[in-house]
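Below are the chains, spelled out letter by letter.
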Number of protein chains: 2
Amino acid sequence: MNHAVILAGGGGTRLWPASRRGRPKQLLALGADTRETLLHATWRRVAGVVGDNVWVVTAADQAEAVAAALPELSREHVLAEPVARSTAAAVGLAAAYLAARDPDAVLAIFPADHHIGDEPGYAATVERALAVAAESGAIVAIGIRPTRPETGFGWLEPGAAAAGGRAREVARFVEKPDRPTAERYLERGLLWNGGMFFFPAARMLAEIARHLPALAAGLDELRAAGFDAAATARVYPRLPAISIDHGVMERASGTLLIEGDFGWSDVGSWDALAEVRRADAAGNVVAGRAVLVDARDNVVHAEDGCLIALVGVTGLVVVRAGNAVLVVPRDRAQDVREIVKRLEQGDGDAYL
Amino acid sequence: MNHAVILAGGGGTRLWPASRRGRPKQLLALGADTRETLLHATWRRVAGVVGDNVWVVTAADQAEAVAAALPELSREHVLAEPVARSTAAAVGLAAAYLAARDPDAVLAIFPADHHIGDEPGYAATVERALAVAAESGAIVAIGIRPTRPETGFGWLEPGAAAAGGRAREVARFVEKPDRPTAERYLERGLLWNGGMFFFPAARMLAEIARHLPALAAGLDELRAAGFDAAATARVYPRLPAISIDHGVMERASGTLLIEGDFGWSDVGSWDALAEVRRADAAGNVVAGRAVLVDARDNVVHAEDGCLIALVGVTGLVVVRAGNAVLVVPRDRAQDVREIVKRLEQGDGDAYL
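Residues numbered from 1 in each chain as written. Chains lettered and ligands numbered in written order. Predicted model: local features only at pLDDT ≥ 70, side-chain atom pairs only at ≥ 80, totals over all residues. Heavy atoms only, no water.

Undergrad: Kindly report on the overall build of chain A, identifying the contributing residues and their values.
TA: Across its full length, chain A carries eleven helices and 17 strands. Its C-alpha radius of gyration of 21 Å places chain A within 12% of the 20 Å reference for a compact globule of 352 residues. For chain A, the C-alpha atoms occupy an extent of roughly 60 × 45 × 35 Å along the three principal directions. Of all intrachain contacts in chain A linking residues separated by at least 6 positions in sequence, the fraction that spans at least 24 positions is 66%. (Helix = DSSP H or I, 4+ residues; strand = E, 2+ residues; numbered from the N terminus. Rg over C-alpha atoms; globule rule 2.2 N^0.38 Å. Contact = heavy atoms within 4.5 Å.)

Structure (structure tokens):
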């Protein structure tokens, strides 16, 4: 049976001040619909493919908030990690847990905090990836057709055609490149690694056993204890903290990829909202209440019924969320992390 | 006896979003001390000269807020106008009321919403102006030594020396000039009209009787009724609405001026905060909580414990007050009125 597993662990300091310690990025309504959280949109999309077989792996201290954001999801489908151990442990937990219930389980892994513009195209790609994973027994990645020489993502190099032409081999996974390298990748047809993976649970567990034996041992212990809370609390802190990309994907053999082109965005910074939301005639991308006078190409995000008024400014990000306001040029939106760092170093707890 | 009369009537849309319908400019803490309202600072400065003889003329619907902002002031010293009738009526009311109590009263008139950087220098000038008004029987204005060719103020042209060299005659009052005219005024040594006037109450009432007979008749009626609330409510709506400058100052004979140079600012726009508050090493003028990264020459005003974070921006005004945020280049700070106009025309009541 097909299962979707949503990894809802992250933070997201680049989206401060909307994202806070108690309000990570996936719980923000940053998509085209300014009322739906990214997490709920992810759930809605994947439930459209796998029905009730949606599972969410999240941190124990976020489990309540995640459950509240997904009222349609059965509470037992929220798998809580007592401590964060990166994505290999989260994927391993889901694979072990679901394989114990359904030995033929095929899993689809999704980050919780991305946006998809073309949902029918996305659903078709996901269905194909699940089918190829089930038939081939391989791990299948989705490679996103790139739109720019992005240095913030890993990339995938496509190889020979596979699975009867429905997929390609992965020639290699590459790390986040520098700018000239990213430009070369763009020219040569490499794809972005969108963090979506598909595999039979048994195949993933076999790869973990080969490449991450300490994780495999921990998962065995959890399975033997029936995945109960006490065992999880005991075992989890000992699991290796490594990403699924580094720990498994780059090392597994026979991995395939399917190209995806469905308006994907990781909403990785305030500037990225321009990929997600429609601009007005003057190029302003506005969520919430705003009055704009002689303002062009700005990204505006006003929460809680507050108003943002701009006069005579161009190319700015202006955000008001909770007790903080952010103003930064769009091309420096990544530097929001510097604000968060300053607040962490100073007495800025009230704003974090 | 000397009396100070503070005119606390105005609104101040150029200081939106801090100034609102129910919170006019004089009730904002826009001075160097970010906790003291402009009104309280005015009261404190003039009480230092005239002691308990401070009076405030304000709109009836602002009287409670004014009294609350001036806990040191006796409630009976707040004279409420049932409807606004510009400054000639307000000055006339104060002159008639105080002359009835103290026929030898000498009055000093002050706007409630200005800032003074050099308070000892201001006090010395005010004392001199009161003395010259008492001795000469004339109306005495303070002419502010100008720092720029300002088109937003009226100007005063000094004439011959008077009052034993302690004052000068006013050659003429001039209206708000256009830019080339203001530049000529600056070169020729004209002074700004700071809206501060000093006179024996009896002299002002005589000038009103000559130049504004309808106002004089109304004031007579109020005096006959002992300035009671019913008479005020009946008489006030009929009083002419004209400024003290147009109605009296430009027409009175023998008016004198004393030059003042005491760090005066009318805090007429957000940009003017740079005249009032100390800038940091990068030229940023900050009130409230802020984190600034690569930010230069900005004016930041954050109320209610909120934080404003700026990255990589220069020369902006950024204000957060109540349920609104304003971002505008400093050299367009006057255009805030355009925002207020849009809100008035639309459904912006919650932000006005």
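Undergrad: Break down the side chain of Thr37(B) for me, with residues and values.
TA: Residues and elements named next belong to chain B. Residue position: Thr 37 is located in the loop between β1 (2-8) and α1 (38-50). Thr 37 sits in the buried class, given a relative accessible area of 15%. Here the side chain of Thr 37 touches His 40 through a polar contact of 2.9 Å, landing on its backbone nitrogen. Aside from chain neighbours lying at most four places away, what touches Thr 37 is Gln 26, Leu 27, Leu 28, Ala 29 and Ala 69. (Buried < 20%, exposed > 50% of the residue type's maximum accessible area, 1.4 Å probe, protein only. Polar contact = N/O pair within 3.5 Å; in protein donor to acceptor, adjacent residues only side chain to side chain.)

Undergrad: Break down the relation of the copies chain B and chain A for me, citing the residues and quoting the values.
TA: Rotating chain B by 179° and translating it 0.0 Å along the rotation axis places it on chain A, where the RMSD comes to 0.1 Å. The transformation just described matches what one would write down for a two-fold rotation axis. (Least-squares fit on C-alpha atoms with pLDDT ≥ 70 in both.)

Undergrad: Pulling in residues and values, what's your account of the interface of chain B and chain A?
TA: Taken together, the contact between chain B and chain A spans 35 residues of the former and 35 residues of the latter. Of the roughly 2,900 Å² buried at the junction of chain B and chain A (both faces included), carbon and sulfur atoms supply 60%. Taken together, the links from chain B to chain A amount to four salt bridges. Of the charged contacts, one joins Arg289(B) and Asp347(A) as a salt bridge, the two residues approaching to 3.0 Å between their closest N and O atoms. Between the two partners, chain B and chain A, sit 20 residue pairs in polar contact (both at pLDDT 80 or more). Of all the secondary structure elements, the ones that give two or more residues to the side of chain B that touches chain A are β13 (289-293), β15 (307-311), β16 (316-321), β17 (324-329) and α11 (336-345) of chain B. In terms of residues, the side of chain B that touches chain A owes the most to one element, β17(B), which gives six residues. Here the side of chain B that touches chain A is built from residues that sort into 22 nonpolar, five polar and eight charged. Relative to β17(B), strand β15 (residues 307-311) of chain A runs parallel, the two being bridged by four bridges. Following the sheet pairing, Ile308(A) is matched in β17(B) by Val325(B). (Buried area = accessible area lost by both parts, 1.4 Å probe. Salt bridge = Lys/Arg side-chain N within 4 Å of Asp/Glu carboxyl O. Nonpolar A, V, L, I, M, F, W, Y, C, P; charged D, E, K, R; others polar. Pairing = 2+ DSSP bridges.)

Undergrad: Kindly report on the packing of helix α1 (residues 38-50) of chain A against helix α4 (residues 119-136) of chain A, identifying the contributing residues and their values.
TA: Residues and elements named next belong to chain A. The interhelical angle for the contact between α1 and α4, taken along N-to-C directions, is 50°, at an axis separation of 10 Å. In terms of their interaxial angle, α1 and α4 are classed as oblique. Judged by the twist between their axes, the crossing of α1 over α4 is right-handed. Along the contact surface, α1 presents Arg 44, Arg 45, Val 46, Val 49 and Val 50, while α4 presents Glu 119, Tyr 122, Ala 123, Val 126, Glu 127 and Leu 130. Of the residues belonging to the contact of α1 with α4, the class tally is seven nonpolar, no polar and four charged. (Axes fitted to C-alpha atoms, helices over the stretch in contact; angles between N-to-C directions. Parallel < 35°, antiparallel > 145°, perpendicular 65-115°, else oblique. Left-handed = near helix turned anticlockwise from the far one by under 90°.)

Undergrad: I'd like a description of the pattern of salt bridges, backed by residues and values.
TA: Evaluation of the coordinates by the stated rule reveals 50 salt bridges over all chains. Two residues, Arg166(B) and Glu135(B), come together in a salt bridge whose shortest N-O distance is 2.3 Å. Note that Arg166(B) is positioned in the loop between β7 (155-162) and β8 (167-174) and Glu135(B) in helix α4 (residues 119-136), a separation of 31 residues in sequence. Residue classification places Arg166(B) among the partly exposed positions, given a relative accessible area of 30%. According to the relative accessible area criterion, Glu135(B) is exposed, its value standing at 57%. Through salt bridges that share partners, Glu36(A), Arg44(A) and Glu119(A) make up one connected network.

Undergrad: Residues and numbers for the packing of aromatic side chains, please.
TA: Within the structure shown, the criterion is met by 20 aromatic pairs over all chains. Taking 5.2 Å as the distance between ring centres and 80° as the angle between the ring planes, the aromatic pair formed by Tyr97(A) and Phe227(A) counts as edge-to-face. Taken together, the residues span a long stretch of sequence, with Tyr97(A) in helix α3 (residues 86-101) and Phe227(A) in the loop between α7 (213-224) and α8 (229-235) at a distance of 130 residues. As far as the burial class goes, Tyr97(A) and Phe227(A) line up, both buried. Ring geometry for Phe153(B) against Trp192(B): centres 4.9 Å apart, planes inclined by 75°, an arrangement best described as edge-to-face. With a gap of 39 residues between them, Phe153(B) in the loop between β6 (140-144) and β7 and Trp192(B) in strand β9 (residues 191-200) connect regions that are remote in the sequence. Accessibility assignment for this pair places Phe153(B) and Trp192(B) in one class, buried. Ring pairing ties together the aromatic residues Phe153(A), Trp155(A), Tyr185(A), Trp192(A) and Trp264(A), which thus form one cluster. We note Arg45(A) situated over the ring of Tyr122(A); from NZ or CZ to the ring centre the distance is 5.1 Å. (Phe/Tyr/Trp six-rings, centres within 6.5 Å; stacked < 30°, edge-to-face > 60°. Lys NZ or Arg CZ within 6 Å of the ring centre and 35° of its normal.)

Undergrad: Hey, could you go over the sheet that holds strand β17 (residues 324-329) of chain A for me, with residue numbers and the actual values?
TA: Overall, mixed pairing links the six strands, which are arranged β12(A)-β14(A)-β16(A)-β17(A)-β15(B)-β13(B) in an open sheet. Each end of this open sheet is capped by a strand with a single partner; those strands are β12 (285-287) of chain A together with β13 of chain B. Shown here is a sheet whose adjacent strand axes are inclined to one another by a mean of 5°, direction ignored. Both strand β14 (residues 299-302) of chain A and strand β16 (residues 316-321) of chain A contribute to a ladder of four bridges, which runs parallel. Across the sheet, Ala302(A) pairs through a bridge with Arg320(A), a residue of β16(A).

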